Amino acid sequence: MDEGRLGKVLFSTAPWRSRFRQQRHTAAAPPPPVEERPPGVGLEPFAVKPEEPAPEGVAQLRVVRKRIGGEIVFGVSGSCCCSRLPFHAPPEHGRPGLALATLMARDAKAGGVAPAETLHAMRAWSESKGPLVRWLNRLRGHHPDLHLVIWDDTDFDIPWELLWLRPSPADGVAGGWLGAEVSVSRRTTLDSEYARPMDDLRCEGEIVGYVDEADAHIAADLILLQEFGLRRFPTLRGLLGHLEQAGLPLAMVYVACHGEYATEGFRYRLGGVPLGELSGHILTRLTDAGGLVFLNACHSGRLIIEERFNDQTLRGFVKVFLASGAAGLIGTTGAVGTHTAKEVARSILEHLRRDPDTPVPQALRDYRRALVPAGLPPIDDIEANRRLLRTLYTFMYVYYGSPQTTVAFEAGAP
Ligand SMILES: [Zn+2]
């Protein structure tokens, strides 16, 4: 999306294997007991599998589809070292119409609204998610540097990073947007023996990629990536063909091109390559070498359910790379402005180069946090909406993978 068009809109299932290198909050006060609440509709007991203990300060939120009566809703349950969120799937967890791809569409006919309206809508929607928000606030109070893994197996397109966490004086935390307050890693179910465990993963080595030079705005990424020592492939198919071969360790796979979204795998395309050609395919070099995958393209981080397969299985470019063994992936949940895309890539990559021990999702959190406004303006404040557009775009970049994935760029530089 071109920012200049704003005026038209007005405005793997592998277990945790190791503990973190640093336990930052070992002196924290003992956790308060989990609040016991009367069961709601669809409430079921929640058990943490004993073979999957999460490291301290890493919480997991599980989100699944659940049929309640005639309606499909999402059910949530959560676990952390200090407390659990019991499974609940009440009627107020119906499928929301809050996909950022729709709300941030370039015109109103496609569902686009002003950025300020999106934020007001997210705060209003979050209000009815009380048990979840209270649990997250309790964790924020207990773990000031909380990492949250969101394992969402629905196709509801919920922009979790924009869940509004109301202020909680009892927990000692101010209000804020989840993705700006907490280091968020998304996770998706991977039925793959090649997927990497949710572990301390260090990406170090070569940087390979594809940048679409036919688009002058996207081609500008090349200048930045060449600073990082990019080994460039002239086509996306050329890059994918290379990744099918075994090779040396990878710091990063970088792709900047156009993306086209559809809920049918042969119409959902990245750089002209349909998802349907890649689903179920293993990219051997990622299995051998890991690496962070950065898909700087519209819709690259979305997951679809292919209706004709009737298998309730999520598919997407995210899964192709993670199922092959990528250590993490940054993608987008909608159409992002080319200028913003370049800016986000530069900010994130420079942050990671400056501090190679910063986990990738934490770098994203810091970047979003720096752009969050102090208050919410009226929805028809055109100037405020212009500023918020950039903020909202940064929330459209989401991270999948281990919460502790780090990247060492210097080793890949020439
Ligand atoms: Zn905890």
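Cut-offs applied
- Throughout this document, residue positions are counted from 1 along each chain, in the order its sequence is written.
- It should be noted that, the model being predicted, local features are given only for residues of pLDDT at least 70 and side-chain atom pairs only at 80 or more, the latter also being counted only at that level, while totals for whole chains, interfaces and linings use all residues.
- Heavy atoms from the whole structure form the basis of all side-chain values; hydrogens and water molecules are not counted.
- Each pair of aromatic rings taken from Phe, Tyr and Trp, with Trp reduced to its six-membered ring, is defined by centres within 6.5 Å and is described as stacked if the planes are under 30 degrees apart, edge-to-face if over 60, and tilted in the remaining cases.
- Numbering of helices and strands starts at the N terminus; helices are DSSP runs of H or I of at least 4 residues and strands are runs of E of at least 2.
- Burial here depends on accessible area, computed with a 1.4 Å probe over protein chains only, as a share of the maximum for the residue type. Under 20% is buried, over 50% is exposed, and the range in between is partly exposed.
- Two thresholds decide whether a charge sits over a ring: the Lys NZ or Arg CZ must be within 6 Å of the ring centre and within 35 degrees of the ring normal.
- Note on donors: an N, O or S atom is included if it sits within 2.8 Å of the metal, or within 3.2 Å for Na, K and Ca, and water is never included, so sites can look incomplete.
- Four donors are marked tetrahedral only if all angles between them lie between 85 and 135 degrees, whereas four are marked square planar and six octahedral if opposite donors are more than 155 degrees apart and the other angles lie between 65 and 115; the remainder are marked irregular.
- Where helices are involved, their axes are fitted lines through C-alpha atoms of the stretch in contact, as for all axes, and angles between N-to-C directions lie from 0 to 180°.
- Should an angle fall under 35 degrees it is taken as roughly parallel, and over 145 as roughly antiparallel, whereas 65 to 115 is taken as roughly perpendicular and any remaining angle as oblique.
- Note: crossing handedness is left-handed where the near helix turns anticlockwise from the far helix by less than a right angle, and right-handed where it turns clockwise.
- The contact definition used throughout considers only heavy atoms, calling two residues in contact when any of these lie within 4.5 Å.
- In this count, Pro and Cys sit with the nonpolar residues alongside Ala, Val, Leu, Ile, Met, Phe, Trp and Tyr, while Asp, Glu, Lys and Arg are called charged and the others, Gly among them, polar.
- Two strands form a pair only when DSSP identifies at least two bridges running between them.
- Any Lys or Arg side-chain nitrogen located within 4 Å of an Asp or Glu carboxyl oxygen qualifies as a salt bridge.

- The protein chain goes by CHAT domain-containing protein in an unreviewed UniProt entry, where it is assigned to Nonomuraea fuscirosea.

1. Here we look at the packing of aromatic side chains
Thinking step 1. Taken as a whole and judged by the stated rule, the model has 10 aromatic pairs.
Thinking step 2. Centre to centre, the rings of Phe-74 and Trp-160 are 5.8 Å apart; their planes meet at 90 degrees, and the pair counts as edge-to-face. Separated by 86 residues along the polypeptide, Phe-74 in strand 2 (residues 71-79) and Trp-160 in the loop between strand 4 (147-152) and strand 5 (164-165) bring together distant segments of the chain.
Thinking step 3. Residue classification places Phe-74 among the buried positions, given a relative accessible area of 0%.
Thinking step 4. One aromatic cluster is present, built from ring pairs that chain together Phe-74, Trp-125, Phe-156 and Trp-160.
Thinking step 5. Here Arg-187 stacks its cationic end above the ring of Trp-151, 4.0 Å away from the centre of that ring.
Thinking step 6. The ring of Phe-395 has Arg-368 lying over it, and the distance from NZ or CZ to the ring centre is 5.7 Å.

2. As for the coordination of the zinc ion
Octahedral metals with six donors have ideal donor angles of 90 or 180 degrees. Tetrahedral metals with four donors have an ideal donor angle of 109.5 degrees.
Thinking step 1. Surrounding the zinc ion are the protein donor atoms Cys-80 (SG), Cys-81 (SG), Cys-82 (SG) and His-143 (NE2), at 2.1 to 2.5 Å.
Thinking step 2. Coordination at the zinc ion comes from 4 donor atoms whose angles at the metal span 93 to 125 degrees, giving a geometry best classed as tetrahedral.
Thinking step 3. Written as a sequence motif, the donor residues of the zinc ion are C-C-C-x60-H.
Thinking step 4. Looking at Cys-80, the relative accessible area reads 12%, which means it is buried.

3. Description of the packing of helix 10 (residues 338-354) against helix 11 (residues 360-371)
Thinking step 1. At a minimum axis separation of 10 Å, helix 10 and helix 11 run at an interaxial angle of 125 degrees. For the element pair helix 10 / helix 11, the angle class is oblique. Taken as a pair, helix 10 and helix 11 cross one another with a handedness that is right-handed. Taken together, the residues of helix 11 that come into contact with helix 10 (itself represented by Glu-343, Val-344, Ser-347, Ile-348, His-351 and Leu-352) are Val-360, Ala-363, Leu-364, Asp-366 and Tyr-367.
Thinking step 2. Class assignment for the residues of the contact of helix 10 with helix 11 results in 7 nonpolar, 2 polar and 2 charged.

4. Side note on the side chain of Lys-319
Thinking step 1. Counting through the fold element by element, Lys-319 comes out in helix 9 (residues 317-324).
Thinking step 2. Once residues within four sequence positions are removed from consideration, Lys-319 is found in contact with Thr-188, Thr-189, Leu-190, Leu-303, Thr-313 and Leu-314.

5. Concerning the sheet that holds strand 13 (residues 269-270)
Thinking step 1. Taken in spatial order, the 3 strands make up an open sheet running 12-13-14, and their pairing is antiparallel. In the strand order of this sheet, the two ends are held by strand 12 (259-260) and strand 14 (273-274), each with one partner.
Thinking step 2. Relative to strand 13, strand 12 runs antiparallel, the two sharing 2 bridges. Counterpart to Glu-260 in the pairing with strand 13 is Arg-269.

6. Digging into the pattern of salt bridges
Thinking step 1. Summed over all chains, the structure comprises 22 salt bridges.
Thinking step 2. Residue Arg-315 pairs with Asp-311 through a salt bridge whose shortest N-O separation is 2.8 Å.
Thinking step 3. Judged by its relative accessible area of 19%, Arg-315 is buried.
Thinking step 4. Residue Arg-365 pairs with Asp-366 through a salt bridge whose shortest N-O separation is 2.9 Å.
Thinking step 5. Counted as one network, the salt bridges with shared partners bring together Glu-227, Arg-346, Glu-350 and Arg-353.

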